[in-house]
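# What the coordinates show
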Amino acid sequence: MTGNSMTLTLSSNGVAVPFDPRYFAPLRDSSALRSDPDELRARYTEDGYLYLRGVLDPDAVTAVRDAYFSQFHPSYLRAGTTPAQGIFSGRRPADLPSHGVNGHPAHAFVRSVRFEAFASDPALAALAQDVLAGAVERLPRSIVRHFDRSSPTASRAHVDYSYLDAGSDQLLTAWIPLGDCPRSTGGLVYLEGTHTMERSSFDPLRTVTDRPGDSRSISHDLAWVAERLGRRWRWADYQAGDVTVHSPHRVHASLDTTTDAMRLSADLRFLRRGQPADARWLVAWAGDDGN
Ligand SMILES: O=C(O)CCC(=O)C(=O)O
């Protein structure tokens, strides 16, 4: 990110997206509706996502961040900072395995009692229950994502259902920043109005992609996607404790991490109880599970 607020340029997977009203607009904050499930559901149906501030105790979120970064070699963190801050030293340990594979801290972390206790916070299940209008179960495949600024890497534009389509779509994703996550740290962005579009309308966009062999993601070029669909990316400067939930049909992506503060987040899926689950999501996540 460079310049002042009039000339910011963000990027995703190294491709610039000017931070101006052609491409970006703020997420709608639905925090005030939390105590009214009917209103909350109506807003979710309308927007395809909910941005909710202060759902979780920020101290509990920071404790999870601390537990995660404590597992890394101290040289990964800037000297004089704490694991809870998660500040990149500028140097990855040479022997650090790829993210999420067996041997990388994220692999053990999603299987830990610590993470399970966090993901089982009743506030998350209650929120999912309100939005899906009935009892829910959390799918076992929960993902922890972690990006540092050493390479421009982010989530490409996609809809979750492309990865979950062997089961019911009566589910939602809860995306949880594990620490403050402003735009420059690589927050999630949502393309407006896309949850009600035909899936096939995204197909022409797949011609511009850095992953031609993978038809599940749409494109890594967020400006191209916004221009072609004439829609803006909705953003927020997330804080610890905030949660978004989104429809499996809503197009979303993430921005590159350009700050020394590393991006850490979790995504959890809640399925309406009794609905068929995609079997790939009934086992713990690994960075190389291909799903
Ligand atoms: O955190 C990210 O970069 C992507 C997360 C995501 O796609 C999701 O939660 O569905």
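Keep in mind the model is a prediction, meaning the values are calculated, not measured.

### Let's talk about the overall build of the protein chain
Each helix and strand in the protein chain was counted, giving 6 helices and 12 strands. The C-alpha radius of gyration computed for the protein chain amounts to 18 Å, which stays within 12% of the reference 19 Å derived for 291 residues, consistent with globular compactness. If one aligns the C-alpha atoms of the protein chain with their principal axes, the spans along those axes are about 50 × 40 × 40 Å. Counting over 291 residues, the protein chain shows a buried share of 52%. Counted over contacts in the protein chain with a minimum sequence separation of 6, partners at least 24 positions apart contribute 77%. Working note: accessible area of the protein chain is about 12,100 Å², and carbon and sulfur atoms make up 50% of it. Positive and negative side-chain charges of the protein chain, numbering 32 and 35 respectively, have mean locations separated by a distance of 2 Å.

### A look at the pattern of salt bridges
Taken as a whole, this structure holds 22 salt bridges when the rule is applied. Among the ionic contacts, a cluster of salt bridges with common partners joins Arg-145, Asp-160, Asp-267 and Arg-269.

### Topic: the site of the ligand
Within the structure, the ligand sits among 14 residues, and Ser-155, His-158, Trp-175, Arg-263 and Arg-269 are positioned closest to it. Contact distances for the ligand include 3.0 Å between an oxygen atom and a side-chain N or O atom of Asp-160. Here an oxygen atom of the ligand sits 3.0 Å away from a polar atom, N or O, in the side chain of Ser-254. Here the ligand has 290 Å² of accessible area as a free molecule, and 99% of this is covered by the chains. Mapped by element, the contributors of at least two residues to the shell around the ligand are β7 (171–177), β11 (252–254) and β12 (263–272). For the shell around the ligand, the element with the most residues is β12, which contributes 4 residues.

### Remarks on the packing of helix α1 (residues 37–47) against helix α5 (residues 122–132)
It is at 8 Å that the axes of α1 and α5 come closest, and there the two elements cross at 70°. Put simply, α1 runs roughly perpendicular to α5. In this structure, α1 uses Pro-37, Leu-40, Arg-41 and Tyr-44 to contact α5, whose residues at the interface are Leu-127, Asp-130 and Val-131. The class makeup of the residues in the contact of α1 with α5 is 5 nonpolar, no polar and 2 charged.

### Remarks on the nonpolar core
Phe-115, Val-243 and Val-245 are the most contacted members of the largest nonpolar core, which has 49 residues in total. Of all hydrophobic cores here, the second largest spans 24 residues; its members include Phe-19, Leu-191, Leu-222 and Trp-224.

### Observations concerning the pairing of strand β4 (residues 49–52)
Every second residue of β4 is oriented toward a common face, with Tyr-49 and Tyr-51 on one face and Leu-50 and Leu-52 on the other, all of them buried. When β4 meets strand β10 (residues 243–246), the two strands line up antiparallel, connected through 4 bridges. When the sheet's bridge partners are listed, Leu-50 is paired in β10 with Val-245.

### A few points about the side chain of Asp-242
Relative to the helices and strands, Asp-242 is located in the loop between β9 (233–235) and β10. An unpaired buried charge is present at Asp-242: no salt bridge exists, and Arg-53, the closest side chain of opposite charge, is 5.7 Å distant. There is a polar contact of 2.8 Å between the side chain of Asp-242 and the backbone nitrogen of Gln-239. Here Asp-242 is in contact with Tyr-51, Leu-52, Arg-53, Gly-54, Ile-176 and Pro-177, once residues within four sequence places are set aside.

### Quick notes on the side chain of Asp-214
Relative to the helices and strands, Asp-214 is located in the loop between β8 (188–191) and α6 (222–229). Side-chain polar atoms of Asp-214 contact the backbone nitrogen of Arg-216, separated by 3.0 Å.

Reading the values: rules and limits
Residues numbered from 1 in each chain as written. Predicted model: local features only at pLDDT ≥ 70, side-chain atom pairs only at ≥ 80, totals over all residues. Heavy atoms only, no water. Helix = DSSP H or I, 4+ residues; strand = E, 2+ residues; numbered from the N terminus. Rg over C-alpha atoms; globule rule 2.2 N^0.38 Å. Buried < 20%, exposed > 50% of the residue type's maximum accessible area, 1.4 Å probe, protein only. Contact = heavy atoms within 4.5 Å. Areas by Shrake-Rupley, 256 points an atom, 1.4 Å probe, with all protein chains shown as cover. Lys, Arg positive; Asp, Glu negative; His and termini not counted. Charge placed at Lys NZ, Arg CZ, Asp CG, Glu CD. Salt bridge = Lys/Arg side-chain N within 4 Å of Asp/Glu carboxyl O. Near = heavy atom within 4 Å. Polar contact = N/O pair within 3.5 Å; in protein donor to acceptor, adjacent residues only side chain to side chain. Axes fitted to C-alpha atoms, helices over the stretch in contact; angles between N-to-C directions. Parallel < 35°, antiparallel > 145°, perpendicular 65-115°, else oblique. Nonpolar A, V, L, I, M, F, W, Y, C, P; charged D, E, K, R; others polar. Core = buried A, V, L, I, M, F, W, Y, C linked by side-chain atoms within 4.5 Å. Pairing = 2+ DSSP bridges.

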